[in-house]
Amino acid sequence: MRQLAVLGGFPLFPQGLAFSRPMLPPLEAVTARLSASYGAGMLTNGPLVRQLEERAAERLGAAHVVAVSSCTAGLMLAVRALAPRGPVLLPSFTFSASAHAVAWNGLTPKFAECRRDTFQLDPEDSAGRLDGAGAILATHVFGAPSPVGAIMALAAERSLPVVFDAAHAMGALHHGRPVGSFGDAEVFSLSPTKLVVAGEGGLVATPHAEVAQAVRIGRDYGNPGDYDTRFVGLNARLSELHAAVALESLALLDEHLARRRRLAARYRLGLAGLAGLRPQTVPDHDSSTYKDFTIAVDSEAYGLGRDQLAYALAAEGVDTRRYFFPPVHRQQAYCDLSLASLPVTDSVAASVVSLPLYGNLEPGQVDRVVELLGELHAQSEAVAAVVGSGTAVVSGAVGASLA
Ligand SMILES: *Cc1c(COP(=O)(O)O)cnc(C)c1O
């Protein structure tokens, strides 16, 4: 049997196995696409941005798509456009930017539980926390659609607007219908770890012409064109350079999705026989982008806790992320809010780890990670003795020295 790195052996991936890598279009294709705008001295908010908005609208089945400089800015402007009249209910098990978009609008985030199996916003728990809320914001966690039907039903009972943080979900399907066509706005990210990349960028999809118009004006300082600003806006324009990358990246989306889904299926198959590691549940009627392949670690059944596992994987050169830990309601930025009681979220956030997954990952590399997870389970007692509680971990010395 191979000696585990954490027990003194040679790392399985001496060069390191990256956690995430963008699947980039050829540089020549990007420069060819950019050349007309660039030659005309048009560097931002030009024809390539328009083209990206049109292509994305077709792909997403959305009436309107507005390109912005980031998903965070898009969420800020979308929430603003929908003018919630009270706190915004959202999951704590999400990326911080979901909550930041609420707080930047002077609105209070009202955190609700996620589900243990799907990691998505829990509609039943949400129902009990909706009194006085002005809107719902739900994240399509790790690229799998959130429970759209139940969330829309909750919102409809109270006439609340719904925004989906779709940062992970470009190409996801819910009952065969593309994410991007639900709710009052869905906001995508084009940053490097997401499915379609621009470098930095975002897309706001909405069925409402007024929302699209407010986001268009809002991305341009609040200026509709006459320099008489209608509200306090941002500079959240997308540049032509970013749009050129995004258009070429969008053209690769189907190939990219197919690869990620094949790799995720391979992980699932490999992990099926292993006690204590449970991948995110994705209902049969949904199709995830697998922006992340995230597992919950049951420390009793597996023999190692999440942090111990992440530490032992880092020693082998395998880079992982503890998405989403700490959950947003426990982050320092939100310490002014009275701490919500979210025991399920706390337990999920303490047990999850996301494994390497990207378009160019080799199937053989997935197999080796799966084998490694099996070896760590088999030798969990010895590993636990060496690693201790393993809490200093991933951001700590071992991860850094192997980066
Ligand atoms: C990445 C991400 C964002 C932020 O996207 P940016 O384009 O970097 O602003 C927002 N929400 C979630 C869930 C994300 O993962």
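Residues numbered from 1 in each chain as written. Predicted model: local features only at pLDDT ≥ 70, side-chain atom pairs only at ≥ 80, totals over all residues. Heavy atoms only, no water.

Q: What am I meant to see in the nonpolar core here?
A: It is characteristic of soluble globular proteins that their nonpolar side chains tend to be buried jointly. Of all hydrophobic cores here, the largest spans 38 residues; its most connected members are Tyr-267, Leu-277, Phe-293, Tyr-302, Leu-309, Leu-373 and Leu-376. Within the residue set of this core, elements represented by two or more residues are helix H9 (253–271), strand E12 (293–297), helix H11 (306–315), strand E13 (352–355), helix H13 (363–378) and helix H14 (380–387). The greatest single-element share of this core, amounting to six residues, is contributed by H13. Apart from residues lying up to four places away in sequence, Tyr-267 is in contact with Phe-293, Leu-355, Pro-356, Leu-357, Leu-361, Val-366, Val-369 and Val-370. Ranked by size, the runner-up nonpolar core spans 32 residues in total, among them Met-170, Leu-195, Leu-203 and Ala-205. (Core = buried A, V, L, I, M, F, W, Y, C linked by side-chain atoms within 4.5 Å. Buried < 20%, exposed > 50% of the residue type's maximum accessible area, 1.4 Å probe, protein only. Helix = DSSP H or I, 4+ residues; strand = E, 2+ residues; numbered from the N terminus. Contact = heavy atoms within 4.5 Å.)

Q: When you look at the site of the ligand in this model, what are you seeing that I'm missing?
A: As a structural note, the neighbourhood of the ligand is formed by 13 residues, with Thr-72, Asp-165, His-168, Ser-189 and Lys-194 the closest of them. Take Thr-72: an N or O atom from its side chain is 2.6 Å from an oxygen atom of the ligand. With respect to the ligand, the side chain of Lys-194 contributes an N or O atom lying 3.1 Å from an oxygen atom. Protein contacts shield 90% of the accessible area of the ligand, which totals 380 Å² for the unbound molecule. (Near = heavy atom within 4 Å. Polar contact = N/O pair within 3.5 Å; in protein donor to acceptor, adjacent residues only side chain to side chain. Areas by Shrake-Rupley, 256 points an atom, 1.4 Å probe, with all protein chains shown as cover.)

Q: Even after reading the chapter, I still don't get the packing of H11 against H13, so can you show me in this structure?
A: When two helices pack together, their arrangement is captured by the angle between the axes and the distance separating the axes. The geometry of H11 relative to H13 is characterised by a closest axis approach of 11 Å and an angle of 120 degrees between their N-to-C directions. Here H13 runs oblique to H11, going by the angle between their axes. As H11 packs across H13, the resulting crossing turns out to be right-handed. For the pair formed by H11 and H13, the contact residues are Leu-309, Ala-312 and Leu-313 on the first element and Leu-372, Leu-373 and Leu-376 on the second. Grouping the constituent residues of the contact of H11 with H13 by class yields six nonpolar, no polar and no charged. (Axes fitted to C-alpha atoms, helices over the stretch in contact; angles between N-to-C directions. Parallel < 35°, antiparallel > 145°, perpendicular 65-115°, else oblique. Left-handed = near helix turned anticlockwise from the far one by under 90°. Nonpolar A, V, L, I, M, F, W, Y, C, P; charged D, E, K, R; others polar.)

Q: Please clarify how the packing of aromatic side chains should be interpreted in this entry.
A: Applying the stated rule across the entire model yields ten aromatic pairs. Centroid distance Phe-142 to Phe-324: 5.2 Å. Interplanar angle 15 degrees. Geometry classified as stacked. Placement of Phe-142 in the loop between strand E4 (135–139) and helix H6 (148–158) and of Phe-324 in the loop between H11 and helix H12 (343–351) is noted, with a sequence separation of 182 residues between them. Of the two residues examined, Phe-142 and Phe-324, each falls in the buried class. Between the aromatic rings of Tyr-323 and Phe-324, the centroid separation amounts to 6.0 Å while the plane-to-plane angle is 35 degrees, which identifies the pairing as tilted. In this structure Phe-324 comes out as buried when scored by relative accessible area, which is 6%. One aromatic cluster in this structure is built from Phe-19, Phe-93, Phe-119, Phe-142, Tyr-323 and Phe-324. The ring of Phe-231 carries the charged tip of Arg-80 above its face, separated from the ring centre by 3.6 Å. (Phe/Tyr/Trp six-rings, centres within 6.5 Å; stacked < 30°, edge-to-face > 60°. Lys NZ or Arg CZ within 6 Å of the ring centre and 35° of its normal.)

Q: I keep staring at the pairing of E13 and nothing clicks. Help me out?
A: Regular strands have side chains that alternate between both faces of the sheet. Alternating positions in E13 separate into two faces, Val-352 and Ser-354 on one and Val-353 and Leu-355 on the other, with burial throughout. Sheet analysis places E12 next to E13, joined by four bridges and oriented antiparallel. Across the sheet, residue Ala-296 finds its bridge partner in E13, namely Val-352. (Pairing = 2+ DSSP bridges.)

Q: Can you help me understand the environment of Pro-363 in this one?
A: Among the secondary structure elements, Pro-363 is positioned in helix H13. Residue class for Pro-363 comes out partly exposed when judged on its relative accessible area of 36%. Taking the C-alpha atoms as reference points, Pro-363 and Gly-218, 145 residues apart in sequence, are found 44 Å from one another. Contact partners of Pro-363, with chain neighbours within four places excluded, come to Leu-263 and Arg-266.

Q: Where do I start with unusual backbone geometry in this structure?
A: Peptide bonds are trans in most cases, and residues, glycine excluded, mostly fall at negative phi. For the bond from Tyr-323 to Phe-324, the omega torsion is -5 degrees, close enough to zero to count as cis. Between Phe-325 and the following residue, Pro-326, the backbone shows a cis peptide bond with an omega angle of -5 degrees. Its place among the elements puts Pro-326 in the loop between H11 and H12. The backbone phi angle of Ala-83 is positive, close to 45 degrees, even though this residue is not glycine. Of note, Tyr-221 is a non-glycine position whose phi angle comes to about 70 degrees, a positive value.

Q: Whenever I open this one, the sheet that holds E4 confuses me. Can you help?
A: Whether parallel or antiparallel, the strands of a sheet pair through hydrogen bonds between backbone atoms. Taken in spatial order, the seven strands of this open sheet run E1-E9-E8-E5-E4-E2-E3, and their pairing is mixed. Of all strands in the sheet, those with a lone pairing partner are strand E1 (64–68) and strand E3 (109–112), marking the two edges. For this sheet, the mean inter-axis angle between neighbouring strands, taken without regard to orientation, is 20 degrees. Where strand E2 (residues 88–91) lies against E4, two bridges are found, and the strand directions are parallel. Bridging across to E4, Val-88 finds its partner in Ala-135. Lying on the sheet, helix H3 (residues 71–82) is in contact with E1, E4, strand E5 (162–165), strand E8 (185–189) and strand E9 (202–206); it crosses E8 at an angle near 170 degrees.

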